[in-house]
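So you can see what is in the structure, the chains are spelled out below.
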Amino acid sequence: MSWNEVAAGVFVSRFEAADVNVVAIIGPNGLTIVDSGGSPAEAREIVDGVAQRFNVPIVAVINTHAHYDHSFGNSVFAGLGVPIFGHHRIPAHYADFEGPRLAAWQANPAREPDKHWQEVLLTRPTVPIDRPTTLTASGRDIRCMPISRGHTDTDLAVFVPDVRAWMLGDVIEESGPPMFGSGSWPLDWPIALDEVLLELLPGDAIVPGHGQVVDRAFVTRQASTLRSVADAIRGSHEAGHTIDQALHAADLPWPDWMLRSAFEQGFSQLGTVPQDTL
């Protein structure tokens, strides 16, 4: 793995397959990993990569959220006795989304041939976080702050205050449009980003879940784009549109398959069972 230093002692490595960012935060007493990879094989690659590059012990792992590509490597770190920190709602998300998806894949791997989940043992964080918490095991303060529901209801902001570096997981994405995936709350996502923006300063380094490091201005633009989606969902719902009609009326920079998920989840939030035009 190659590691790019984005702030003093904060290094980012990107997995090519989904452009997922993994972060190593170096402190005087050890190293904290942010996100454990999308499989045990990726997690072992992370363990080997930090050993070769930094030669310091891993003292903690943080999950930015529950999605498979950020947490399916947890079992490897748990097996090493490393504490795993994550949002307290991750177990509920696993039960509703990642667990059933993993079970379906294990029953028929051909349904997602690009995944390598033979060894995945769904492993929840060993230290659930339900309020702002400062980790100190590495000898360096690292703040973990639950974010209001948006991309999911399991998102954490990870902040290194001495260098003003943030890891925001998939609340922000740079390499493609933000993903309305499992457990998404499209009507609330821009509100969640507005809350995050209150904490960001113009010079902060912000590591998204996927893609290049961004700045506060990028987060502001993405919040505005997500607000356009939320407004379109509400407008179509008020007009009595079906999902197909809503997609036809929408003029948004997302592929239809992704917008369909956003509209379905948004209509559900508004208390309407989504209907398609047959």
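Located above this text is the structure these notes cover.
Structural notes, computed from the coordinates.

## Some words on empty space enclosed by the protein
Applying the stated criterion across every chain, the model contains one cavity of 30 Å³ or more. Volume-wise, the largest cavity comes out at about 50 Å³. Taken together, the residues of the lining of the largest cavity break down into six nonpolar, four polar and one charged.

## Quick word on the nonpolar core
Ranked by internal contacts, the top residues of the largest apolar core, which has 35 residues, are W166, F180, L193, W254 and F263. Breaking this core down by element, the ones donating at least two residues are β10 (156-160), α5 (189-197), α6 (216-238), α7 (243-249) and α8 (256-269). If one sorts the elements of this core by residue count, α6 sits on top with seven residues. Beyond its immediate stretch of four places on either side in the chain, W254 contacts P177, P178, F180, T225, L226, V229 and L259. By size, the runner-up hydrophobic cluster in this structure holds 19 residues, among which are V12, I25, I142 and V158.

## Details of the layout of surface pockets
Quantified by volume, the largest pocket comes out at close to 440 Å³. Taken together, the elements giving at least two residues each to the lining of the largest pocket come down to α2 (68-71), α4 (90-107) and α8. The residue inventory of the lining of the largest pocket, partitioned by class, reads eight nonpolar, eight polar and five charged. Size it by volume and the second largest pocket reaches roughly 240 Å³. Lining of the second largest pocket is provided by 13 residues; of these, A17, E42, Y68, D114 and K115 occupy positions nearest its centre. When its residues are assigned to classes, the lining of the second largest pocket shows six nonpolar, three polar and four charged.

## A look at the packing of α6 against α8
Think of two packed helices as two axes; the pair is described by the angle between the axes and how far apart they sit. Remark: α6 packs on α8, axes separated minimally by 10 Å, with the N-to-C direction vectors making an angle of 60°. Here α6 lies oblique to α8, going by the angle between them. α8 is crossed by α6, and the crossing has right-handed handedness. Counting all contacts with α6, which are made through V229, A232, I233, S236 and H237, the residues of α8 involved are A262, F263, G266 and F267.

## Some details on the packing of aromatic side chains
In the structure shown here, the tally under the stated rule is ten aromatic pairs. Plain terms: the ring middles of F159 and W166 are 4.0 Å apart, the flat faces sit at 25° to each other, and that makes the pair stacked. Of the two residues, F159 and W166, neither departs from the other in class, the shared state being buried. Ring pairing ties together the aromatic residues Y68, F72, W105 and W117, which thus form one cluster. Above the plane of the ring of W185 lies R149, whose end atom (NZ or CZ) is 3.7 Å from the centre.

## Some thoughts on the environment of S71
You can see S71 is positioned in helix α2. A C-alpha to C-alpha distance of 9.0 Å links S71 and P125, two positions 54 residues apart in sequence.

## Section: the sheet that holds strand β9 (residues 142-146)
Across the sheet, which stays open at both edges, the five strands sit in the order β8-β9-β10-β11-β12 with mixed pairing between neighbours. The open sheet has two free edges, formed respectively by β8 (133-135) and β12 (205-207), since each of these has just one partner strand. The sheet shows a mean angle of 20° between the axes of neighbouring strands, taken without regard to direction. Looking at chain direction, strand β11 (residues 165-167) and β12 are connected through three bridges and run parallel. Bridge pairing in β12 places M167 opposite V207.

Calculation rules
Residues numbered from 1 in each chain as written. Predicted model: local features only at pLDDT ≥ 70, side-chain atom pairs only at ≥ 80, totals over all residues. Heavy atoms only, no water. 1 Å grid on protein atoms, 1.4 Å probe; cavity = no way out; pocket = protein on both sides within 12 Å on 5 of 7 lines; lining within 4 Å. Points joined across faces, edges and corners; volume = space filled by probe spheres on them. Nonpolar A, V, L, I, M, F, W, Y, C, P; charged D, E, K, R; others polar. Core = buried A, V, L, I, M, F, W, Y, C linked by side-chain atoms within 4.5 Å. Buried < 20%, exposed > 50% of the residue type's maximum accessible area, 1.4 Å probe, protein only. Helix = DSSP H or I, 4+ residues; strand = E, 2+ residues; numbered from the N terminus. Contact = heavy atoms within 4.5 Å. Axes fitted to C-alpha atoms, helices over the stretch in contact; angles between N-to-C directions. Parallel < 35°, antiparallel > 145°, perpendicular 65-115°, else oblique. Left-handed = near helix turned anticlockwise from the far one by under 90°. Phe/Tyr/Trp six-rings, centres within 6.5 Å; stacked < 30°, edge-to-face > 60°. Lys NZ or Arg CZ within 6 Å of the ring centre and 35° of its normal. Pairing = 2+ DSSP bridges.

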